[in-house]
Amino acid sequence: MGKKMLNLEEQCKILNLLKSSSEQKSIEETVTDFFTNSKLRHFNVCYSLSLLLQDKMMLSSTERLVAFAILHRSYSSQKSAANPFISFLVNAACDDGAEKYERAFILQLLSSSNSNSSKEFLKQSASDYIKNFDPSSQNFPQREQLQKQYYEKVHPEPYSCLLQNTAVKNLLADPDVPCGCDANSAELDSQPGAKSKLGSGDRDEALSGLIANLSLEGLIPHWIRPVPPRFPVDEELVWLNPDNSHELQWDQGMCADTSRGAAVRDLIAKALKGALAPNQQEQVLVELANDPKLVYHCGLTPRKLPELVENNPLIAVEVLTKLINSPEIAEYFTVLVNMDMSLHSMEVVNRLTTAVELPKEFVRMYITNCISSCENIKDKYMQNRLVRLVCVFLQSLIRNRIIDVKDLFIEVQAFCIEFSRIREAAGLFRLLKTLE
Amino acid sequence: MDSRDSSSPSAPNRDGTAGEDEGVLSVTSALAKDAALSFQCRKFGECVNILAQLKPKKEDDPKVLHNVAITEFLRDGCSDPKRLLVALNNVKKRYEELARACASGEQAESGSNVGNKVTSDSTESSSTTHLFSASNSASTMYTDEFDTSVVSLNIAVIWFHLHEYAKALSVLEPLYQNIEPIDETTALHICLLLLDVVLASCDASKSADVLNYLEKAFGPGTVSQGDNGNILVQQSTNLIGKLSSVPSSSLVSDASASDLAANGSASENPLSRSLSEDPLDEIISSLDIGRQNLSRSAGLTSANDLPRTTVDRFISGVDLKLKLQLYKVRFLLLTRNVKIAKREVKHAMNIARGRDSSMALLLKAQLEYARGNHKKAIKLLMASSNRTDAAMSSMLYNNLGCIHYQLGKYHMSAVFFSKALSNCSTLLKEKPLNLLTFSQDKSLQITYNCGLQYLACGKPTIAARCFQKASFIFYKRPLLWLRLAECCLMAVEKGLVKGSQIPNRLELRVNVIGKGRWRKLLIEDVISRNGLVDSVGKDDWGLGGGGQPMLSLPLARQCLYNALHLLNCSDSSHLDSVLPSNSSLEENESNGGASSKNSNHKNLPGIDSKASTLSVGLVNMNGDLKESKGGTNQEIIQNSISYYEDICRRENQMIKQALLANLAYVELELENPLKALSAARSLLELPGCSRIFIFLGHVYAAEALCLLNKPKEAAEYLSIYLSGGNNVELPFGQEDCEQWRTKKPVDCEESNTGAAAAKNPSPEDLQEFMFLRPEEARGTLYANLAVLYAIQGELDRAHQLATQALSLVPNSSEATMTAIYIDLVLGNMQEALSKLKHCSHVRFLSASLPTNKSS
């Protein structure tokens, strides 16, 4: 399943190579034969061999020598430090547990890349090399010395993941032998023709199996990456209810009379100029009452309101009451607050307070305006009139609980004291005191 | 008003319109009347014929064109709503042209229309008299003449039936903004349709606003009083009082008017009394002018609430009352205010007594469903409906499917959903079609439910196909995209993704090579995640494409980004509206949402003009009884909204957690540790993040850092769970799982719902929540810490942690691999071997020898 390191051709090549190592061909020749096929992926081949070499049992002594030779030879055209297996070779050369001839062989390989040094030792076959090896002829330098000699400068690590870098060989020996048997005993090798014993096995079979299955990736530690939980289904399911049947509407306005409210519009226009006769007034009120939307078509605008208030306060009350839900009502209120104080405007406000809910802010502002109007008026007679009017107005508001006295107490009290000479102001003052 | 609606041509004094031939007018009026009559009798063929006679006489009159369009549409069996839309939009354009032409010609003529008024000496009986002045005022009446409210309403009606709620809303909203001048019948239709639209779009605050307005403008004042049960008595006395005092009013349900009337007449007296005591004659007389008119206070008082006489002709008072009550229940159900909804639905049942109560029953079923009383909900559903009607039975089956899903009976629910779908498809085959058929076709909603059900059953491919279909209506929902991403992840997990090399990621494979003393075990690294990135097509799935979605990790990522984008959009407007709305509204929404966040009492500020004029009335409603009543109602609605907004906000938070966690996971799978890290960090920065997702955030961030070769920083993320040496705490508790599953946070227990209590997780419910148990999460942390220490060379510590991990998550192949790895590095071959052999997820394969076989 994982990525196989070797393709079929490479596998065959390696198996043949290893087989041929026992023949009486020189190492040089074997190695050269191996490299005649240029399609080999050197790294993969070498890595497989290095994995096999790590297992001391897997390869025979001659096979090992050839394998080492390949490891070295694959990269011999470059500096030794560029050989990705240089540390593997150096380590093998320094391995005290290894055979002396093997270590010597590796040392010779390493030194052979130094231009003119002898490559004579490769001219013999691997088995001859072992046979002819003289342990005394070779001295074994220290690891540090070798490292210094062959690593040169440290290469920057190529980027790869830490997890990958720390991979270990994913190959475990799991000898399947009866208890007490020495797994290394050669007796357990299956003999051709002989009945296989418990725990016996064929090395060649294992070898080819290994070569076929080796993978580039080693064993790495594994991070657990939990899958996030699914989002809970709570109100997400769509519950269905029948829809209300909204049907297409006939336009009733088709060919209908379009003169709606013309009379009222005319009357309102008149009402801006002067008081209407009682029957005219009656007509406006009735028509407005009959058609609640008529008020939007009667031609009144906030700008025209003061004239209507002054001339026909009752109609103004009626219109404003009907416009209470209109988006424009705030504008009308603003106009009303800012117009000159008069009996009629006060009457309109008074009636409005009883007919509809007025914004508190509006009422308060209106009262403040009333009071300051009284104070600013120059004509004594007019002032008297206005003060009496305001007093009656305020009493009405207080009695009807339209305003909360507490909100305006100080202001109103000051007003009463200022005009205490006027009877109505005194009355209002008394009313305030009873409420205290 | 009346006159316009009935288009009665009978008034003899209406023929004086200048500039128009008298005869033509009367003929057209008569034809128009006949046409309206046959339309009402649903004789559309006949109606079209009459209109055909009318058409040449009123060339290019948009109102005629309009009526022709809708009548032909109805005659032809509603087959082509899109074409009608085109026709109606043309009518609207025609109106605009006329209005422009008229406005330019207007100035010249202005002022000419003064004079010749008809003084119809109106008495009390004049309420039925039509005052048609003979003035030649056609030009000044253009606002009336060119009133496009009906055509706009019809356009919205069609969009509504086509489930295009956003489009319907964009037509209705401007009408609603300026609803006061629109005539009663049309205005009521507009409001009711708008209410349905905003409810369907789950827009609670707008629903509340429209509902408020409807109750105020059309509703019997008694609707609101149902909120305080004990007011019923007082209310009836109000009614009696009003009946006697306002004889001219035709409606019984005029309570609010009566309040005002009582208020008005009572308050008038003191002023006049005080004035009459006053010696100042002028003051008396002047302030007293209107006194005689006070006897007619009916006219004055009814001005405040709009009269319903005309409205009543198409919908009776009680019917409207029931309708409004049902809307109110729907609003409360939308806002999940279960407790109040229960009370209100009872009220609705009372109103519906002796009438059609099926809708009330259905809502009651929904209520019980929301409360988790599934048995009761089933009973109510079965009682409520006739299953002969395909539309009804389709909904019924769908709702039964929902219930069984909640009961954990996914296969039953699958059966019901597919029945619901098949009923839908028969519905569309029925002839003749009517407009309602389109809106009754809920197949896309049902398909969405199917998607959820398939996802729950572990069928990601078909689930994704359902979600893809449902995306036609739900593409604005972040949740839809999250679900699609979940489909992708599930498909990958199940090895359904094409090219995925992992059939089952929990399996460990070991090649057994050789025999006897030569036997070797080669551990295959099947968990390593590769081959996923390039194995899937890139943008081969588009909305609207007929092909089925290719589930893949890149698609998951795309879906998650869609969802995040949608969520951020709705976050900025603070409302969980499914629909986009026009820009000015969004502005309002954001204002309203933001400022109403901490206010329970305040009226929604700035939602629109309706709300603000309403608040004008409400601000000074503090003192007396009547006002407190209104306030209570207002309070309930306001509380519901803020409660709902709370829910939505919380739900969005949860979705965001899930999205970011999924995104981090997907990026890790796609080997983009940097993006994964940033997603995980965003996840950890979310306020109010669930402990489960804090855990995930830490694990994902640590892994990403690990992949970026920063083991030290990675360790920081994990070590917050370390307490003292090598002891790892539980990253979250069982209660966190339950809380997440039910979406009900602990801290909102005091809020007014019984839902949290009703929804105790049953064991089968918990199955749906497929996630690590707290102990397993702890094991995960142990295992991952072991990895971190292992790659940093602290092998002894790693070994201890790995041992702990294996004791908590013995079935995790990752943890096993890590433990084996550590053993191998430490040289403990025998331990490694025994771990391998004891692992339950390991599969031993005998080595194949391809060399011999195939060469």
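Residues numbered from 1 in each chain as written. Chains lettered and ligands numbered in written order. Predicted model: local features only at pLDDT ≥ 70, side-chain atom pairs only at ≥ 80, totals over all residues. Heavy atoms only, no water.

Participant: Outline the overall build of chain B, supporting the account with residue identities and numerical values.
Facilitator: In terms of regular secondary structure, chain B is built from 42 helices and 3 strands. Buried residues in chain B amount to 57% of all 855 residues. Partitioning the contacts of chain B with sequence separation of at least 6, the portion at a separation of at least 24 is 68%. Accessible surface computed for chain B: about 34500 Å², of which carbon and sulfur atoms make up 53%. (Helix = DSSP H or I, 4+ residues; strand = E, 2+ residues; numbered from the N terminus. Buried < 20%, exposed > 50% of the residue type's maximum accessible area, 1.4 Å probe, protein only. Contact = heavy atoms within 4.5 Å. Areas by Shrake-Rupley, 256 points an atom, 1.4 Å probe, with all protein chains shown as cover.)

Participant: Pulling in residues and values, what's your account of the overall build of chain A?
Facilitator: Scanning chain A for helices and strands turns up 20 helices and 1 strand. A buried classification covers 56% of the 436 residues belonging to chain A. Long-range contacts, defined here as pairs at least 24 residues apart, represent 71% of the contacts in chain A between residues at least 6 apart. Of the roughly 19100 Å² that chain A leaves accessible, carbon and sulfur atoms contribute 51%.

Participant: Break down the UniProt feature "repeat: TPR" (unreviewed entry) in chain B for me, with residues and values.
Facilitator: Per the UniProt record, the feature "repeat: TPR" (unreviewed entry) sits at residues 779-812 of chain B. As a span, residues 779-812 of chain B carries 79% helix and 0% strand, and end to end its C-alpha atoms are 9 Å apart. (UniProt positions renumbered as here; feature names shortened; annotations may be inferred.)

Participant: Which residues make up the packing of helix α15 (residues 329-338) of chain A against helix α17 (residues 360-376) of chain A, and what values do they have?
Facilitator: Between two packed helices, what matters for the description is the angle formed by their axes and the separation of those axes. Residue and element names in this part refer to chain A. Running from N to C, α15 and α17 point in directions that differ by 15 degrees, and their axes come no closer than 9 Å. Taken as axis vectors, α15 and α17 run roughly parallel relative to one another. Our pair here, α15 against α17, has a crossing hand that is right-handed. Residues Phe333, Leu336 and Val337 of α15 pack against Phe362, Met365, Tyr366 and Asn369 of α17. (Axes fitted to C-alpha atoms, helices over the stretch in contact; angles between N-to-C directions. Parallel < 35°, antiparallel > 145°, perpendicular 65-115°, else oblique. Left-handed = near helix turned anticlockwise from the far one by under 90°.)

Participant: Break down the pattern of salt bridges for me, with residues and values.
Facilitator: Opposite charge on two side chains lets them pair, provided their charged atoms get close. As enumerated under the stated definition, the model contains 30 salt bridges over all chains in all. A salt bridge links A:Glu247 to B:Arg42, with the shortest nitrogen-to-oxygen separation between them at 3.5 Å. Of this pair, A:Glu247 sits in the loop between α10 (203-213) and α11 (262-271) while B:Arg42 sits in the loop between α2 (22-40) and α3 (44-57), placing the two residues on different chains. Residue A:Glu247 is classed as partly exposed on the basis of its relative accessible area, which comes to 42%. (Salt bridge = Lys/Arg side-chain N within 4 Å of Asp/Glu carboxyl O.)

Participant: Describe the environment of B:Leu677, listing the residues and the values that go with them.
Facilitator: Residue and element names in this part refer to chain B. Of note, Leu677 is situated in helix α32 (residues 673-685). Using a relative accessible area of 5% as the deciding quantity, one classes Leu677 as buried. In this structure the C-alpha to C-alpha distance between Leu677 and Ala664, which are 13 residues apart in sequence, comes to 6.8 Å. Once you skip the residues sitting within four places of it in the chain, Leu677 turns out to touch Ala701, Ala704, Leu705 and Leu708.

Participant: Which residues make up the nonpolar core, and what values go with them?
Facilitator: Membership of the largest hydrophobic core comes to 142 residues, with the highest contact counts inside it found for B:Tyr448, B:Phe467, B:Ile523, B:Phe693 and B:Phe695. Non-local contacts of B:Phe695, meaning those with residues more than four positions away in its chain, are made with A:Pro226, B:Tyr721, B:Pro731, B:Phe732, B:Phe771, B:Leu772, B:Ala777, B:Thr780 and B:Leu781. Formed by 93 residues, the second largest nonpolar core is a distinct cluster that contains B:Leu84, B:Leu153, B:Ala168 and B:Leu433. (Core = buried A, V, L, I, M, F, W, Y, C linked by side-chain atoms within 4.5 Å.)

Participant: Hey, could you go over helix α19 (residues 338-351) of chain B for me, with residue numbers and the actual values?
Facilitator: Residue and element names in this part refer to chain B. Compared with an ideal rise of 1.5 Å per residue, which puts 14 residues at 20 Å, α19 spans 20 Å between its outermost C-alpha atoms and is within 8% of the ideal. Among the residues of α19, Val338, Ile340, Ala341, Glu344, Val345, His347, Ala348 and Ile351 are the ones counted as buried. Buried positions in α19, seen along its axis, are confined to an arc of 170 degrees and lie on one side of it. Residues of α19 that are exposed and point more than 90 degrees away from the buried face comprise Lys339 and Lys346. (Expected span 1.5 Å × (residues − 1). Arc of directions from axis to C-beta.)

Participant: Describe the state of the cysteines, and please don't skip the residues or the numbers.
Facilitator: Overall, the coordinates contain 0 disulfides over all chains when judged by the stated rule. A disulfide-free cysteine, A:Cys374 has its sulfur positioned 6.9 Å from the sulfur of A:Cys370, the nearest such atom. Of all cysteine sulfurs, the one in B:Cys559 lies closest to B:Cys488, which takes part in no disulfide; the gap is 5.4 Å. (Disulfide = S-S within 2.5 Å.)

Participant: Got a sec to walk through the packing of aromatic side chains? Specific residues and values, please.
Facilitator: Aromatic ring pairs are reported here in terms of the distance separating the ring centres and the angle at which the planes meet. Residue and element names in this part refer to chain A. Taken as a whole and judged by the stated rule, the model has 20 aromatic pairs over all chains. Here the aromatic rings of Phe105 and Tyr129 are separated by 5.1 Å at their centres, their planes lie at 70 degrees, and the arrangement is edge-to-face. Pair noted here: Phe105 is in helix α6 (residues 100-112) and Tyr129 is in helix α7 (residues 126-132), with a separation of 24 residues, a long-range link. The pair Phe105 / Tyr129 is uniform in exposure class, with both members buried. An aromatic cluster is present here, built from Phe333, Phe362, Tyr366 and Phe393 joined pairwise through their rings. (Phe/Tyr/Trp six-rings, centres within 6.5 Å; stacked < 30°, edge-to-face > 60°.)

Participant: Pulling in residues and values, what's your account of the pairing of strand β2 (residues 520-524) of chain B?
Facilitator: Counting buried positions over the 5 residues of β2(B) gives 5, a clear majority of the element. The alternating pattern of β2(B) places B:Lys520, B:Leu522 and B:Glu524 on one face and B:Leu521 and B:Ile523 on the opposite face, and all of these are buried. Pairing analysis gives 3 bridges linking strand β1 (residues 171-173) of chain A to β2(B), with the strands arranged antiparallel. Within β2(B), the residue paired with A:Leu171 across the bridge is B:Leu522. The pairing of strand β1 (residues 508-513) of chain B with β2(B) spans 5 bridges and is classified as antiparallel. (Pairing = 2+ DSSP bridges.)

Participant: Quick one: what's the story with the sheet that holds β1(B), residue by residue and with numbers?
Facilitator: A sheet is described by the order of its strands in space; here 4 strands give the open sequence β1(A)-β2(B)-β1(B)-β3(B), paired in mixed fashion. Two strands close off the open sheet at either side, each with one partner strand: β1 of chain A together with β3 (842-846) of chain B. Across the sheet, the mean angle separating the axes of adjacent strands is 25 degrees when strand polarity is ignored. Most of the contacts of helix α41 (residues 829-838) of chain B go to β1(A), to which it runs at about 105 degrees, and overall it touches β1 of chain A together with β1, β2 and β3 of chain B.

Participant: Mind laying out the environment of A:Trp250, listing which residues take part and the relevant values?
Facilitator: With respect to the helices and strands, the residue A:Trp250 is situated in the loop between α10 and α11. Look at A:Trp250 and you get buried, because its relative accessible area is 7%. If we ignore the near neighbours within four places in the chain, the residues touching A:Trp250 are B:Ala32, B:Ala35, B:Ala36, B:Phe39, B:Cys47, B:Leu51, B:Asn67, B:Ile70, B:Thr71 and B:Val150.

Participant: Can you lay out the packing of α17(A) against helix α19 (residues 405-418) of chain A for me, pointing to particular residues and giving the numbers?
Facilitator: Residue and element names in this part refer to chain A. Close contact between α17 and α19 brings their axes to 11 Å; oriented N to C, the two are set at 20 degrees. Here α17 lies roughly parallel to α19, going by the angle between them. Remark: the crossing between α17 and α19 carries left-handed chirality. Contacts between α17 and α19 involve Lys360, Arg364, Ile367, Thr368, Ile371, Cys374 and Glu375 on the former and, on the latter, Asp407, Leu408, Glu411, Val412, Phe415 and Glu418. Here the residues of the contact of α17 with α19 are counted per class, giving 6 nonpolar, 1 polar and 6 charged. (Nonpolar A, V, L, I, M, F, W, Y, C, P; charged D, E, K, R; others polar.)

Participant: So what about unusual backbone geometry? Which residues, and what values?
Facilitator: All names here are of chain B. Phi is positive for His163, close to 65 degrees, though the residue is something other than glycine. With respect to the secondary-structure elements, His163 resides in the loop between α7 (149-161) and α8 (165-177). Judged by relative accessible area, His163 falls into the buried class, the value being 14%. Even without being glycine, Glu671 reaches a positive phi, approximately 60 degrees. Its location among the elements puts Glu671 in the loop between α31 (625-669) and α32. A residue is classified by how much of its surface remains accessible, and Glu671, at 45% relative accessible area, is partly exposed.

Participant: Which residues make up the side chain of B:Asp196, and what values go with them?
Facilitator: Tracing the backbone through its elements, the reader meets B:Asp196 in helix α9 (residues 184-200). Those residues in contact with B:Asp196 that lie beyond four places of it in its chain are A:Asn244, A:His246, B:Phe160, B:Tyr327 and B:Arg330.

Participant: Go over α17(A) with me, naming the residues and quoting the values.
Facilitator: Residue and element names in this part refer to chain A. Compared with an ideal rise of 1.5 Å per residue, which puts 17 residues at 24 Å, α17 spans 24 Å between its outermost C-alpha atoms and is within 8% of the ideal. Taken residue by residue, α17 has Phe362, Val363, Tyr366, Ile367, Cys370, Ile371 and Cys374 as its buried positions. Buried residues along α17 sit in contact with α15, α16 (343-355), α18 (380-399) and α19.

Participant: Give me the confidence of the model for chain A: which residues, what numbers.
Facilitator: Scored by pLDDT, chain A has a mean of 78; 85% of the residues are at 70 or more. Ranking the helices and strands of chain A by mean pLDDT puts helix α13 (residues 305-311) of chain A first, with 89, and helix α9 (residues 162-165) of chain A last, with 59. (pLDDT = per-residue confidence, 0-100.)

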